Structure formats: C-alpha cells, structure tokens
Protein chains: 2
Amino acid sequence: MPVPGPGYSITVRVEAPPSASAAGDLTSAIGQVGGVITAFDVVESHALTIVVDITCNATSADHARVITEALEALPGVAVRKVSDRTFLIHLGGKLEVTPKVALKNRDDLSRAYTPGVARICEAIAKNPADARRLTIKRNTVAVVTDGSAVLGLGNLGPAAALPVMEGKAALFKKFADVDAWPVCLDTQDTEEIIRTVQLIAPVYGGINLEDIAAPRCFEIEARLRELLDIPVFHDDQHGTAIVVVGALRNALRVVGKDIADCRIVVCGVGAAGSAIIRLLLTSSPKDILGVDSRGIVHIDREPLDNNLRWVAEHTNADGMTGTLHDALVGADVFVGVSAPNLFGADQVATMAPNAVVFALANPDPEVDPIDAQKHAAVVATGRSDYPNQINNVLAFPGVFRGLLDAGATNITDAMLLAAADAIADVVAPDQLNASFIVPSVFDPTVATAVADAVRRVAASDTGHGGT
Amino acid sequence: MPVPGPGYSITVRVEAPPSASAAGDLTSAIGQVGGVITAFDVVESHALTIVVDITCNATSADHARVITEALEALPGVAVRKVSDRTFLIHLGGKLEVTPKVALKNRDDLSRAYTPGVARICEAIAKNPADARRLTIKRNTVAVVTDGSAVLGLGNLGPAAALPVMEGKAALFKKFADVDAWPVCLDTQDTEEIIRTVQLIAPVYGGINLEDIAAPRCFEIEARLRELLDIPVFHDDQHGTAIVVVGALRNALRVVGKDIADCRIVVCGVGAAGSAIIRLLLTSSPKDILGVDSRGIVHIDREPLDNNLRWVAEHTNADGMTGTLHDALVGADVFVGVSAPNLFGADQVATMAPNAVVFALANPDPEVDPIDAQKHAAVVATGRSDYPNQINNVLAFPGVFRGLLDAGATNITDAMLLAAADAIADVVAPDQLNASFIVPSVFDPTVATAVADAVRRVAASDTGHGGT
C-alpha cells in the first residue's frame, strides 16, 4: 500500500464545536482512515464554533475523499472547503521572468532600452561572440520537450508537459543559478523538432532535451549536436547515466569490487538504459547484459533497431540468451530503468555475493527494495522514501553551470564521467556506507562540485568531442 | 549636433593630485569638450593622490574618446579605466527566470516536481483549458523576432536583436507584471517563422511580434492569427497605431477639430504606417494620404504590392499625385513614421491652420520639432527630449495585461481603439494642452487603464473578430 506523502497533501477547512474533545475527534478521525496530519491551524474562533484548517497527507484522490467523509461524519462538524495543496502551488505557473536592470527613470530606460541598446545590438552584429557577454545567452538553457514521454505517464502532449518543464527550470535556478526556459513543442515529428530547436537556439547557451520518447530522442540529440554550437544534453539519457555511474562507483567501493571484474545487468534499454550502458562501457566492466521486455539483448535477436543493434554489438560478449531472471544469475550489479515488480528476493539471491541493486523504475521499482536488501549488499532506488535516491537533480544543474561558465560549445563523455566522479566524491570516505552512496539532493556542494568538474574538462578540451 | 544623453554614459576612473584645484580642473576639462558630468565619486584617497570615478554623458564613441583624452592631457592626471555604463548594465543579459515556488525541502520538491507534478500534468491532459490556470501560460508572452528590422538599424539578425527583446521583456514585467520571453529566430523565411511560432505556442498566452521587416510581417501576423488560439500582436504595427490614435485624439481636442473634418498625411506606409492608416480609418477622417519615398500613394501608381494596394484602395479619395510636400499643403495632420529631415518650417507653413505634426522617425524626426512648432499648433516626436513623446511602451504592456487577464483568444480593432482611448483619457481635461497630449511613460496608471479597457472589450466580445 502506498504511503501518504506530501505530493498528495490536502487542506480541509472545517467548522467544529470549540471543545477540546471535538479537536481530538477531528485528528483521530483522520488517523483512523490513514491520513497523516501535518498541520492544524485554527483560523477563526467564536463562542459556539471554531474554523480549522487541517492539512494532511493522503495517498490518492480517493483517499482524500475518504478523509473528507470521515470528518463530515463527526457530530457538529461541517467541511467548508477542501484544497489540494499540490494544485494550489501550481496556480498561475511556477516561473516568472524578472528584469535584472532597474527601469525606474528615464536614464535607466535610455540605457536598458532605446536609444542605448542600439549600441549593444551593433556590437553583437559586429562580433557575434559578444552575445555570450551582453545577453542572457551566457546563462540560459532551453528545456525542450515534445510531451511524448512525460515522467512515467506517457504521451501527454506539450501543454500537459509544461508543469514538469517549469519544475525543471525552477530546479535549475535553485540549485545552480541557471536561467532555464520551457520549450514545449506542438509536434512529435523528428525533423520539425530538430529544425525548431535550431531556429530558437540564438537565445540559449545550452539545450536540455527532456521527456522525448525513444528512439526519436537519439536522432534529435545526435543531429542537434552536429548542427548547433552550444551543448545538447538529453537529461533522461545523460543525466541518469551520470548519477548511476557516480552511485555505482561508490557502491563498488562499499563492496570492495573493481568494475573490471563486474558483470552488470542493465534492464530497460531505451533512452536511459542505453545511455547508462554507453557511459559504463568507458570504465571497461567485465561484461554488460542489456535486457528488455523480450529478454536479454543479443546480436542474433530479431528485429534490432539502430539503438538495440548498438547495444547488442557492445554488450553480451558470450552471446547469452534468456530472460531477466537468467541474466541476474551470478551478476554483480543490477541497474533497472524499466518497469515495476519484475523480480523478488529469490532472484536477488541468485546474484553474485555482495550484489549491488539499483532498481530505479518510478514510482514502483523493479524489485521491492526491502526484499532486495535481504540478499544484496547495496540497494538504491529512484524514490525519496528509501536510502540512496538516484535522482537526476544531482547532475543536471551542475552540468549546465559548468558548461555555461566554460562557454562550452559541446558536451563530451569526459565531462559526463567527471560529473559522475564529482557526485561520488561529495560523499567523503568516512561517510560512505551501504545506505549512503550518493549525497542528498539538497546538499548545496553537489552542484558546485559537478560544475567545477565539468568546467575543468571543458577548459582542457579542444572544444571538440561527442558522447 | 546631438545632445549628450544617458544612452551614452561613461565612467572614467582617474588618478589625480588631491588638491581642490585638481578636482576643478577635471570637471572643467570635461565641460570644455562638451561632456555632461552626472557623478563625481572619490573611490580612494591617499596623501599624494586621489582616485576618482567621473561619470558623464557623451554623444558618441568618438566624443567619449575626446573626453578621455582631455582628462589625460591634464598635468598629474592618469586615466586608469573607462567603462561604458550602457555596456555595463547589459553584461550577462537583462532577464532572469525565477521560481515562484519554494524548493527548500523534500515536501516542496514533492509538490512542485515529482511525484506531485504528475497529477497536474494529468489534469491538463484531461482538460487542456487548465493550462491557463496551472501553468505559466496564463501570464506569459513570447516576444518574437527574426532580427530583420531591429530598431532603426536594419537587418542585424537574431543574436544582435536579443538585447532589444530582453529590454522589451523587462518593460513588460516592469509596467504590467507580464512575463515575456525573447524568441529570436534564426530564419527570415516567412513559412518557417509561422511554423516555428505555431510549434512553440503551447507555453504562451500571447504572441508579440517585434522588429520583423515589412511586407513579411503582414503575412506572418495574418496567418498566425488564423492558426493560433492566442492573440497575436505586432507591436511595430498595432502598438504604434494605438499610441498615435490616442495622441491624435487629444491633439484634435487641443486644436478643437473633429477628425471627420481632417485631412491626414501618413508618411511611411510600411508596417507602422499602414497599421496607423487602418486604425485611423475606423474613425472616418475626411481623407488620408499615404506617402512613401516615391511620393503620394494612389491607385494608378505602379507597382503596388498587396499592402500598398490596400492603402491605395482605402485612402486618397481624390486620386491626388505628387510629393510629400504636395501632400502637406492644406493638411490638418501629419503623421511620419519614415525617415529623418524630409521637410522644414516652410512646408509646415503650407498646412491648414492649427496643424498637428507627429514626426516620429527615430532618432531624427521627419521635421525638426523646433522648426515645426513655428507653424503647427501641436508637435509630437518619438524622442524623450521633446514634449509629447509617442512611445509604444504606453500601449503594449497594458494591452497584453488585459488580453491575458481576459484569457482572450484573439485581438480586435475594438480592443486597439479602446486602448487608444484609454491612453488619451489618462490625460485629464485640466492637464491637456499642446505640450501634454500623452501621459508620461512612467505614469503607472497608464498600463492599468489600458488593461481595463482591453479586458472590458474582450469580455463583451463573442471572442471573434480581427484587425
């Protein structure tokens, strides 16, 4: 059963009798139906009645209704209004565009706008590189989606994807002072997406692709990297790969294994899975097995699209066939970016001793982490309610901070690896253990460490390379 | 000779002897070469030397150099550094994207981002109209350009246009709390511009076209109005037309004329001129003459493109031919949106008694306003250093505030006229005179009045109509 969380938090305004027992009745009524009260605020008090805002976490819309009904069933209690706090904070959107310059008087206006701005325009026309110095380009990233793979929800389209892109932009600002802007495209045609991003690029110092379905996302990313002189990063691929590789580095430290001796199973070979495989390969593990819903990927399996063919050609040295369960036997590491509840404790028991399990499917992992812990030495998930949350927010803000500060024109594997190492190294040797292989997403040193690492690689680069 | 203004303001850091006479020498040296000192700040003081930041207005880069050299020529004075204040305020760009939601802890993250945001996405997927309630769409406008007609500078391209679009976005926020975002397109192909704006539209509640060359701008605007369910406004056309019509309404009050009795000469029939003519026609003036570099527009003049043909068909009832000077004879009103120094006091003298002259070419008007004042009753320009500045900033912030608040899906002539009337009516009858026909651009009541007027029309509209 899901646990009530702040993602589903409601505030119920009720009228109730002013007695102490009545207040107790309210809280116990909510507790009895499984709601978790986080605040109890009396907003009005009269001789015969009080008005209270009770804020509590629920598990779902149905659960919220059950809570409301439990309150209404109490004698003398009337529910005035139920507010969904998650909806409340989204009202009117989550971003604003604010001027960094004063516009208080005529002099301000003459400098920031006409006539003064004309000289800035002329300077950039003469020397286009000045755009990075004299405009928002130096600190601004486009968060681009076509709405085809929104979170785990699927193809919701561009308008419904906007709340996620706004949230992403808010995280960019909060964690790395990057100005990010949502670009939600009303097309799912590969060529149109590529062309549109190319046409809007002059304003941006980097492109963050987001929630674009595979295999379209591979071609869009590859082609844009060719076409643009600014870095193109697909967070679902590269952000995930960075955090997984960083976390794995620390997990292997905990279990005392060298990646060169490890057999790694990567379950899910879409955008995230294949990017994880690509980045893992740079560290030369003993072998990788890619697994999807049709089982282990191998070179003789038909049909293979471009992505699966690449995976087949670069993994599974022994040409193994079979199911996910077959793949797990003797494996040192499992990395799942696929679907919920694919295996249990029994399968984890078949893995090599001191196994590492990253079960990252959201919201429900490939294996229940409590079950996995029975046999694995290190377990991580994508969830915030277990230890070792593998969360892209550890990577993307710092990566773009570094890229923008370096004025980077592209992004290389060396930068992704440096970012992974930086995340791993934020966990000090004396902090490192099976329950703490990645830093907290709120650790303010992470983005700085990642940015420094990326900037150093960018500075030492020739400026060319690719992932 | 141009007057030193804050659009060209420099700060010169000098070392000088600490004597009182030395300070006097500094200021008089600048005054002798025509610089206007606005600040004198001692930043360091030692026994034998002081370091001073002298801020002064110049007319040009050459003039700034002359000022610097005049300082260096003084005995014991060394110039350490010259900073151009206009460039300084543009460093790093003029906008930032800031979150409106707290992201301080796990609960914030769970509501603003995953997992809570998923419910917002699903709500919008189910009911697309909710995008205006739950995303930035409700308050956000795209400021779209292809960089083909940047200010009076011409075709500088998208990167060099960005400082203007940033300034525009800053004005939107400052004057009407509208979040505006620069969209600088790396194409000047009409079809590509239309398609790109269509594809990025889901994020926006309105489109402000800006600095796009005629005649391309007409087709882009017309087609986008057909394609999109949000209002499309071309500021160079409609913003200018609103302010001109509002100002003319008050100018005619000052001279006691009815527009039905007025012959109006509109010089320049590109984007701004033809939009002015279209909006003026709704008030049924006696006649309008359109004039361009080839003289008076009439139906037998060849060649006529679509725009000129429309002008020829709707103006010049008597089929007049000839030059601008011919057109001015007996005219009641001159509106110029064309080129500098096209006529002088002698031509103004040929106009009807109590003539109104709006000479809006920037930075140098069609007629010197001092010359025009010799014979005209009311004179206005686009400049900030004469009375009656006709400035689009009086219109566009309030127009979009009203459109967004109404959730308008299009923009109509009735809205443009209501905006023009609102601007005119901000000048109270007891304030109205020949030197005050439009409110100050810093009058905070203007945007509110314009927004109210536009919103009222939008609310009473069927939601259909066009300009």
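Residues numbered from 1 in each chain as written. Chains lettered and ligands numbered in written order. Predicted model: local features only at pLDDT ≥ 70, side-chain atom pairs only at ≥ 80, totals over all residues. Heavy atoms only, no water.

**What about the overall build of chain A?**
Then, number 1: A count of helical and extended segments in chain A gives 18 helices and 15 strands.
Then, number 2: Along the first, second and third principal axes, the C-alpha atoms of chain A reach 75 × 75 × 45 Å.
Then, number 3: Here chain A, with 467 residues, has 58% of them falling under the buried criterion.
Then, number 4: Within chain A, contacts between residues at least 6 apart in sequence are counted, and of these 68% link residues at least 24 apart.
Then, number 5: Taking the average location of the 37 positive side-chain charges in chain A and that of its 55 negative ones, the two points are 8 Å from each other. (Helix = DSSP H or I, 4+ residues; strand = E, 2+ residues; numbered from the N terminus. Buried < 20%, exposed > 50% of the residue type's maximum accessible area, 1.4 Å probe, protein only. Contact = heavy atoms within 4.5 Å. Lys, Arg positive; Asp, Glu negative; His and termini not counted. Charge placed at Lys NZ, Arg CZ, Asp CG, Glu CD.)

**Topic: helix α16 (residues 396-406) of chain A**
Residue and element names in this part refer to chain A.
Then, number 1: The buried fraction of α16 is high, at 9 of 11 residues.
Then, number 2: Among all positions in α16, only F396, P397, G398, V399, F400, R401, G402, L403 and L404 are buried.
Then, number 3: G407 occupies a position one or two residues after α16 and carries a positive phi of about 60°.

**Re the packing of aromatic side chains**
Then, number 1: Counted according to the given criterion, the structure contains 12 aromatic pairs over all chains.
Then, number 2: Consider the rings of F172 of chain A and F396 of chain A, whose centres lie 4.9 Å apart with planes at 65°: the pair is edge-to-face. With F172 of chain A in helix α7 (residues 158-176) and F396 of chain A in helix α16, the pair connects residues that are 224 residues apart, well separated along the chain.
Then, number 3: A relative accessible area of 0% means that F172 of chain A is categorised as buried.
Then, number 4: Under the relative-accessibility criterion, F396 of chain A is labelled buried at 1%.
Then, number 5: When the centroid spacing of 5.5 Å and the interplanar angle of 75° are considered together, the rings of F172 of chain B and F400 of chain B count as edge-to-face. (Phe/Tyr/Trp six-rings, centres within 6.5 Å; stacked < 30°, edge-to-face > 60°.)

**Points about the interface of chain A and chain B**
Then, number 1: Chain A puts 87 residues into the contact, and the matching count from chain B is 87 residues.
Then, number 2: Both sides together, the interface formed by chain A and chain B hides about 8,800 Å², and carbon and sulfur atoms give 68% of it.
Then, number 3: Taken together, the links from chain A to chain B amount to 6 salt bridges.
Then, number 4: Across the pair R195 of chain A and E192 of chain B runs a salt bridge, and its minimum N-O distance is 2.5 Å.
Then, number 5: Applying the counting criterion to the chain A and chain B interface returns 33 residue pairs in polar contact (both at pLDDT 80 or more).
Then, number 6: By residue number, the principal contributor to the side of chain A that touches chain B is α7 of chain A, which donates 13 residues.
Then, number 7: By the bridge criterion, 5 bridges tie strand β5 (residues 95-99) of chain A to strand β5 (residues 95-99) of chain B in an arrangement that is antiparallel. Note on β5 of chain B: the bridge partner recorded for V97 of chain A is V97 of chain B. (Buried area = accessible area lost by both parts, 1.4 Å probe. Salt bridge = Lys/Arg side-chain N within 4 Å of Asp/Glu carboxyl O. Polar contact = N/O pair within 3.5 Å; in protein donor to acceptor, adjacent residues only side chain to side chain. Pairing = 2+ DSSP bridges.)

**Digging into the nonpolar core**
Then, number 1: Core analysis: the biggest nonpolar cluster contains 225 residues, and W181, I264 and F358 of chain A together with W181, I264 and F358 of chain B have the highest contact counts within it.
Then, number 2: Look past the residues within four positions of I264 of chain A in its chain and what remains in contact with it is L248, I259, L280, P285, D287, I288, L289, V333 and V335 of chain A. (Core = buried A, V, L, I, M, F, W, Y, C linked by side-chain atoms within 4.5 Å.)

**A short note on the relation of the copies chain A and chain B**
Then, number 1: At an RMSD of 0.0 Å, chain A and chain B line up after a rotation of 180° and a shift of 0.0 Å along the axis. The operation mapping one copy onto its partner corresponds to a two-fold rotation axis. By C-alpha distance to the rotation axis, the residue of chain A lying nearest is V97 of chain A, at 2.4 Å.
Then, number 2: Here 100% of the interface residues in chain A have copies in chain B that are interface residues too; the copies meet face to matching face. (Least-squares fit on C-alpha atoms with pLDDT ≥ 70 in both.)

**Things to note about the confidence of the model for chain A**
Then, number 1: Considering every residue of chain A, the mean pLDDT works out to 94; 98% of them sit at 70 or more.
Then, number 2: At the level of chain-chain contacts, confidence expressed as ipTM amounts to 0.90, with global pTM at 0.91. (pLDDT = per-residue confidence, 0-100.)

**Topic: the pairing of strand β7 (residues 179-184) of chain B**
All names here are of chain B.
Then, number 1: Most of β7 is tucked away: 6 of the 6 residues are buried.
Then, number 2: Because side chains alternate across β7, one face comprises the buried residues D179, W181 and V183, and the other comprises A180, P182 and C184, equally buried.
Then, number 3: The parallel pair strand β6 (residues 140-145) and β7 is bridged by helix α7 (residues 158-176), and the resulting crossover is right-handed. (Right-handed = clockwise from strand over helix to strand, strands pointing away.)

**Notes on helix α11 (residues 271-281) of chain A**
Then, number 1: In terms of burial, α11 of chain A is largely enclosed, as 9 of its 11 residues are buried.
Then, number 2: Residues of α11 of chain A that are buried include every one of A271, A272, G273, S274, A275, I276, I277, L279 and L280 of chain A, and no others.

**Brief notes about unusual backbone geometry**
Residues and elements named next belong to chain A.
Then, number 1: Backbone torsion omega between T114 and P115 reads 0°, so that peptide bond is classified as cis.
Then, number 2: By secondary structure assignment, the location of P115 is in the loop between α4 (106-112) and α5 (117-126).
Then, number 3: In this structure, N341 takes a positive phi of about 50° despite not being glycine.
Then, number 4: By the element assignment, N341 lies in the loop between β13 (333-336) and α14 (345-349).

**A closer look at the sheet that holds strand β11 (residues 287-292) of chain B**
Each strand in a sheet pairs with another by means of backbone hydrogen bonds, the pair being arranged parallel or else antiparallel.
Then, number 1: If you trace the 6 strands from one edge of the open sheet to the other, you get β12-β11-β10-β13-β14-β15 (chain B), paired in mixed fashion. Only two strands of the sheet have a single neighbouring strand rather than two, namely β12 (295-296) and β15 (378-381) of chain B.

**Some points on the side chain of D235 of chain A**
Then, number 1: Within the fold, D235 of chain A resides in helix α10 (residues 235-255).
Then, number 2: Polar side-chain contacts of D235 of chain A include one of 3.1 Å to the side chain of N392 of chain A.

**Some remarks on the packing of helix α17 (residues 413-426) of chain B against helix α18 (residues 445-460) of chain B**
All names here are of chain B.
Then, number 1: It is at 8 Å that the axes of α17 and α18 come closest, and there the two elements cross at 150°. For the element pair α17 and α18, the recorded crossing hand is right-handed. Here A414, M415, A418, A419, A422, I423 and V426 of α17 lie close against α18, whose contacting residues are T445, V446, A449, V450, A453, V454, V457 and A458.
Then, number 2: Residues that form the contact of α17 with α18 fall into these classes: 14 nonpolar, 1 polar and no charged. (Axes fitted to C-alpha atoms, helices over the stretch in contact; angles between N-to-C directions. Left-handed = near helix turned anticlockwise from the far one by under 90°. Nonpolar A, V, L, I, M, F, W, Y, C, P; charged D, E, K, R; others polar.)

**Considerations on the side chain of S274 of chain A**
Residues and elements named next belong to chain A.
Then, number 1: Secondary-structure assignment places S274 in helix α11.
Then, number 2: We classify S274 as buried; its relative accessible area is 0%.
Then, number 3: A distance of 2.8 Å separates a polar atom in the side chain of S274 from the backbone oxygen of G270.

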